[in-house]
Amino acid sequence: MGRFVLRRLGLAVLTLWLLATIVFVGAHVLPGDVGRRILGPFAAPEAVATLNHQLGADRPLAAQYWDWLSGAVRGDLGESLSYRVPVSSLLGSAVLNSLKLALVAFVLVVPLGILGGIAAGLFRGRAVDRIVTVGGLSATVVPEFVSGIVLILVFAVQLRWLPVTAQAPAGSGLGTQLRYLILPAIPLVFVLFGYIARITRAGMVEALEADYTRTAVLKGISQRTVIARHVLRNALLPTIAVVATQTGYLIGGLVVIEFIFNYQGLGQLTFQAAQKLDFPLLQGTVMVMGIVFLLTTLVADIGYSLLNPRIRYGRTE
Amino acid sequence: MEELQHRVDKIRAGRTGLDNQLIDELVAGRISRREFIRRGTVLGMSLGVLGFLAAACGGSSTPSSTATSAAGAVRKGGTMTVGIIAPSAAVNPLTVADEGGLAVLGQAGEYLTWSDDKLNLQPVLAESWSPNADGSVWTFKIRQGVTFNNGQPLKAEDVAKTFKTHSDPKGGSSALSAFAGVLKPAGVEVVDDQTVDFNLDAPNGNFPYLVSSDNYNTIILPANYDYAGKYESSFVGTGPWKMTSFKTGAEVVYGKNPSYWQSGSPNLDTVTLKFYADEQPRVLALQGKQLDVVSQFSASTGQPLFNNPGVKVLELRSVAHRQVHMRTDKEPFTDKRVRQAIGLLLDRPALVQGLLNGKGDLGNDSPFAPVFPSTDTSVAQRAKDVEKAKQLLAAAGKSSFTVTLATWNGYEIPLLAQTIKEAVQQVGGTINLNVTNPSTYYGSAVFGKSPWLDSTMGITDYGHRGVPNVFLSAPLTSAGPWNSAHFKNSGYDALVKEYVAAIDVQAQKAASKKIEELLLDESPVLFPYFHFHMSGTQTNVAGVEPTAMGHIRLTKTGFSG
Amino acid sequence: MSAVEEVSAELDARRGRQGRRAARGERWRVLRRSPTFLVGAVIVGFWIVCAAFGGLIETHSPFAVDVLHRFARPSSSHWLGTDELGRDVFSRVIEGARGILVVAPLATAIGTVAGTVIGLVTGYYRGAVDDVLMRVVDAFLAVPAVVLGLLALVAIGPSNITVVVVIGIVFTPIIARTVRAAVLAERELEYVQAARLRNERSPYVMFVEILPNVTAPILVEFTVRLGYAIFTLATLSFLGLGIQPPAPDWGVTIFNNYIYLTGGVWWPTLFPAIAIASLVVVVNLVSDAVTQVFER
């Protein structure tokens, strides 16, 4: 296990470096001019040149790349070219915000999905099953921007039950923050519910038909206990699998939701960094996304192998 | 009646020749009351005196915009949340170039003068000002008894240092292009503790606008302020608000400035400016009662607010516009008849109705918007005439042509492009649209590296200004840095010089009439319309003073009832 | 290997191929009888017809501005009402099908082809080639589609080509992984050994021998990814990174019109949303059916 983790970590570092290089190259393909982007098209060329010089944007590309890389290795991600504050400070609050949102979404969707999947599996073929399966599928395919917009209009503007934006005023308590995050979390719940329910259902069905269930029932143990002991444990597996495969996709979904709800999270920050050609900030955000993705898949893989004894000692690669 | 006349005479005796010339125009009925007041503020007369003279001597007045919300009975104190466009970069007086940034600058910072919603100039840190005989030197008297929010007293040298920095080619200021050809750092002179002289490169009748809130970078800062430092940590200034917290990308919170020079101001206790990257979430937040004020939205996004009784919409006649340029040195636009024809294909009232929801003024293919006092409105308004267009094209031998139109995908601009494309189809022309994003369209903003300046046809968005000077010179003069039409006409250049140097309204109008007629004839650039500036508030909010520039003055703002 | 063994290996291979072909034929028959597949195929077919023959179905020009009839409710003259410029919503929805139905399959196809090639190469060669290529693949996998869209926007500028490239790049890693896994299994089988012993060149082995036997998972992936492509394309367009105006793309239309919902004008937003949802749902139905049949 230890060697497995180490190897994965090593590969992850390599992947991150590749990612940084790809972003750097991509961001410099088109002749872009940070100073011009900040000062706008109507500013005098001399002013733009002065600003570019102050930002160090007129140095040779190789020098800029080396500076950034050597700093990043030491943990210094440089200064945002447009906001003139350290990238790490912007990243810190943005990641925290996105994490809060993702957490609320998970806390809502995991129990819902598992319960739905269990119900669908227990009452296979009946109305409950149909509702969960079809409902889940339909909810999954609605793009987040559509569900987000509808939710805002119905619950925030018309009914005024919940706030229009996701950002609670500074210094709000946990309860208030939660209230602000419910609406933006729901589109994420929609997207994930179908997958979790479906896989839990499949696990339920498989477990119900398995030999050990029949044996246990014959022995007189109630179905409920059997389910609790064996099935639930197997229900965790698909959840972890879903989390692993959907993380990358979730982060992308955050961009749209944070946009509509005006939320200063990682997605919104990346979007703005790209529009402003703010390379240090853009590289910082993509790095963080990469790290989150790689960490999540690693943890999910470990968790999966721990919980599923069948593959724990299987061949790796 | 005699008493009144006596008072008027007394006032006139104490005024300069220029001022009296202006009063003569008013008495003779050659200018309206509104124009009189506007010109008067430029010359440095106080609004009080102007108002009195206008009432006493003036003739008709023309209707103006539905003002700022009346500062009726407002409760003292309170906390307000205002939604503004997110500043696109660090808030630094040198580099701010966007509406969000300037709205933030205008809270803790103040200018020499304030260009208000009626395009009048109000004294702020300058108590009064006046030109010399030919308008080449302007003298400003600085207000006494003002302190910065860090305790330093305001002195003339602070004012001088501010303007020296912004007019310095090496200063890196976004305002440099405004001062190019008008003022050099050496021209800023401290006469004494209370007086600053601006010695201009050439006579300029509209100079006071260049040191007003229109030139939004020029908030007055202490002479010892380090422009390379971080404005965001200090927000030093003389304004009514003092920054209590600033969060990049999210919001800035202000409290009252206890040492503000206007006693009893500001009204509110706290003001929070929340940043919104896009219009839709801003407008939705107003409707959801999460914001008290929303600073700016376009006619299309604000559509749901217009007939909404729960919201107040503040409308300002602004001169922001779109320029449709046609390169005079490239086919098919080398012949001016072709350019005129394109201008004749536009149904301008329909454009204003359709693209702007009626919230705009018609444009007559020159920078002279109807709302400028120096605009000569006797020049006939160009209207749609497809037959005439066809004749002109035939005479020029261009019954069919193909052109690529470049622009970017914001606001109603793609719709305008589409409309032009369809209009041109009617007469056998083909337009291929190349709609990208602002960074691609503007490129490096220099000739040879910018679709904006290199494309054969394009649409560019221009923001509001208190006077048309910059619109007349930069995009249209032979050496203008924004001359996307590559229009080189020495007659035009001379007329612009004439206009800029003119100090009294009549001389300005004489020049503007000739300019308008020349531009209609040559039509290097089409100005289809000027669109209004709109903000919104809840019904219980009063005293909000937006400007078409994007400022939002909250000194008198409060909750009513 | 002796001549006998050679011949018998060849016979095995041929029987294997024939068997697989027969199995494929049977699968298609099962597919045709599946109700989800049929429903899905019909609706997809409807949209394809709209994309191809939109001009014949549309009642008005999708671009005709009619300022006098803005925000008209759905009626007999404008079946789905008009938008803020008086343009007919029905015609714009039909016209919008073309953009999505050209870009999404094209992008998915590009991703599938690229992914298949990478999967074949890494799965067949393994070793250093596999390690290096898969690391690059992983790097791209870590970046969400929308973020890649932003990067591409910064690098190439917005255009329909950019969108196709972005979605193609997003799908390549996922498909490469699937194909690689399938190839890893196949390469140990006898017919591959036989081919190598016959001294067939590597490209031949990969593309002529192995590829036909991994088409099932590739087909499954293609249909699954197609649904994602439509979804992602709509999202990218909404953010301004996808199909450029003034094309009446559904995502762009929703972005421009959702603000009017509060004023009671629901039709310019609702119908493009239904169009997107319907297309994604039915493509998913089709891919579901295909998955079930081909992964037996």
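These numbers come from a predicted model, not from an experiment.

1. Remarks on the overall build of chain A
Okay, so step 1: In terms of regular secondary structure, chain A is built from 13 helices and zero strands.
Okay, so step 2: Seen in sequence order, chain A has helices and strands lined up from the N terminus as α-α-α-α-α-α-α-α-α-α-α-α-α.
Okay, so step 3: C-alpha atoms of chain A, sized along the principal axes, occupy 85 × 55 × 35 Å.
Okay, so step 4: Out of the 317 residues belonging to chain A, those deemed buried represent 46%.
Okay, so step 5: Intrachain contacts of chain A at a sequence separation of at least 6 include 71% that bridge at least 24 residues.

2. Structural notes on the interface of chain C and chain A
Okay, so step 1: Tallying the contact residues gives 33 residues for chain C and 37 residues for chain A.
Okay, so step 2: Mapped onto the side of chain C that touches chain A, the elements with two or more residues apiece are helix H4 (127–141), helix H5 (145–156), helix H9 (215–238) and helix H11 (267–294) of chain C.
Okay, so step 3: Considering every element that reaches the side of chain C that touches chain A, the biggest residue donor is H5 of chain C, with nine residues.
Okay, so step 4: Of the residues assigned to the side of chain C that touches chain A, the class counts are 27 nonpolar, four polar and two charged.

3. Some words on the confidence of the model for chain A
All names here are of chain A.
Okay, so step 1: Predicted confidence across chain A gives a mean pLDDT of 82, with 90% of residues reaching 70 or more.
Okay, so step 2: For chain A, helix H13 (residues 309–312) is the element with the lowest average pLDDT, namely 50, and helix H5 (residues 87–122) is the one with the highest, namely 89.
Okay, so step 3: Considering only residues more than four positions removed or in separate chains, one finds that residues 311–317, a stretch of pLDDT under 50, has three contacts.

4. Comments concerning the confidence of the model for chain C
Residue and element names in this part refer to chain C.
Okay, so step 1: A residue-level look at chain C finds 91% of positions with pLDDT of 70 or above and a mean pLDDT of 82.
Okay, so step 2: Averaged pLDDT values over the elements of chain C bottom out at 63 in helix H1 (residues 3–33) and peak at 90 in helix H3 (residues 89–125).
Okay, so step 3: Both confidence scores are given for the complex: pTM 0.84, ipTM 0.81.

5. Considering the interface of chain B and chain A
Okay, so step 1: Listed per partner, the contact involves 33 residues of chain B and 35 residues of chain A.
Okay, so step 2: Going through the elements one at a time, helix H7 (176–179), helix H9 (279–287) and helix H15 (438–442) of chain B are the ones with two or more residues in the side of chain B that touches chain A.
Okay, so step 3: If you tally residues by element for the side of chain B that touches chain A, the top one is H9 of chain B, at four residues.

6. Concerning the nonpolar core
Okay, so step 1: Counting residues in hydrophobic clusters, the biggest one holds 326 residues, and the most contacted among them are Met289 of chain A together with Ile167, Ile230 and Leu233 of chain C.
Okay, so step 2: With residues up to four places along the chain from it excluded, the contact list for Leu233 of chain C reads Ile100, Val103, Ala104, Val163, Ile167 and Gly242 of chain C.
Okay, so step 3: Counting residues in each nonpolar core, the second largest holds 14 residues, with Phe36, Met45, Leu50 and Ala54 of chain B among its members.

7. Some words on the pairing of strand E4 (residues 126–131) of chain B
Residue and element names in this part refer to chain B.
Okay, so step 1: In this sheet, strand E5 (residues 137–142) lies alongside E4 in antiparallel orientation, the contact comprising five bridges. Pairing of Ser130 across the sheet is with Thr139, part of E5.
Okay, so step 2: Between the antiparallel neighbours E4 and E5 lie five residues, among them Gly135 with a positive phi of about 80 degrees.

8. So, the packing of helix H2 (residues 17–27) of chain B against helix H4 (residues 47–57) of chain B
Residue and element names in this part refer to chain B.
Okay, so step 1: Relative to each other, H2 and H4 sit at 35 degrees, their axes nearing to 9 Å. Considering the relative orientation of H2 and H4, their crossing is right-handed. Between H2, through Ile23, Leu26 and Val27, and H4, the contact on the second element is made entirely by Leu53, Ala54 and Cys57.
Okay, so step 2: Looking at the contact of H2 with H4 residue by residue, the class counts come to six nonpolar, no polar and no charged.

9. Observations regarding unusual backbone geometry
Okay, so step 1: Cis rather than trans, the peptide bond between Ser265 of chain B and Pro266 of chain B has omega equal to -10 degrees.
Okay, so step 2: Within the fold, Pro266 of chain B resides in the loop between strand E9 (251–256) and strand E10 (270–276).
Okay, so step 3: Here the amide bond leading from Glu331 of chain B into Pro332 of chain B is cis, since omega sits at -5 degrees, within 30 degrees of zero.
Okay, so step 4: Here the phi dihedral of Arg126 of chain C falls at roughly 55 degrees; this positive angle occurs in a residue that is not glycine.

About the thresholds
- Residues numbered from 1 in each chain as written.
- Chains lettered and ligands numbered in written order.
- Predicted model: local features only at pLDDT ≥ 70, side-chain atom pairs only at ≥ 80, totals over all residues.
- Helix = DSSP H or I, 4+ residues; strand = E, 2+ residues; numbered from the N terminus.
- Buried ≥ 20, exposed ≤ 12 C-beta atoms within 10 Å, placed from the backbone.
- Contact = placed C-beta atoms within 7 Å.
- Nonpolar A, V, L, I, M, F, W, Y, C, P; charged D, E, K, R; others polar.
- pLDDT = per-residue confidence, 0-100.
- Core = buried A, V, L, I, M, F, W, Y, C linked by C-beta atoms within 7 Å.
- Pairing = 2+ DSSP bridges.
- Axes fitted to C-alpha atoms, helices over the stretch in contact; angles between N-to-C directions.
- Left-handed = near helix turned anticlockwise from the far one by under 90°.

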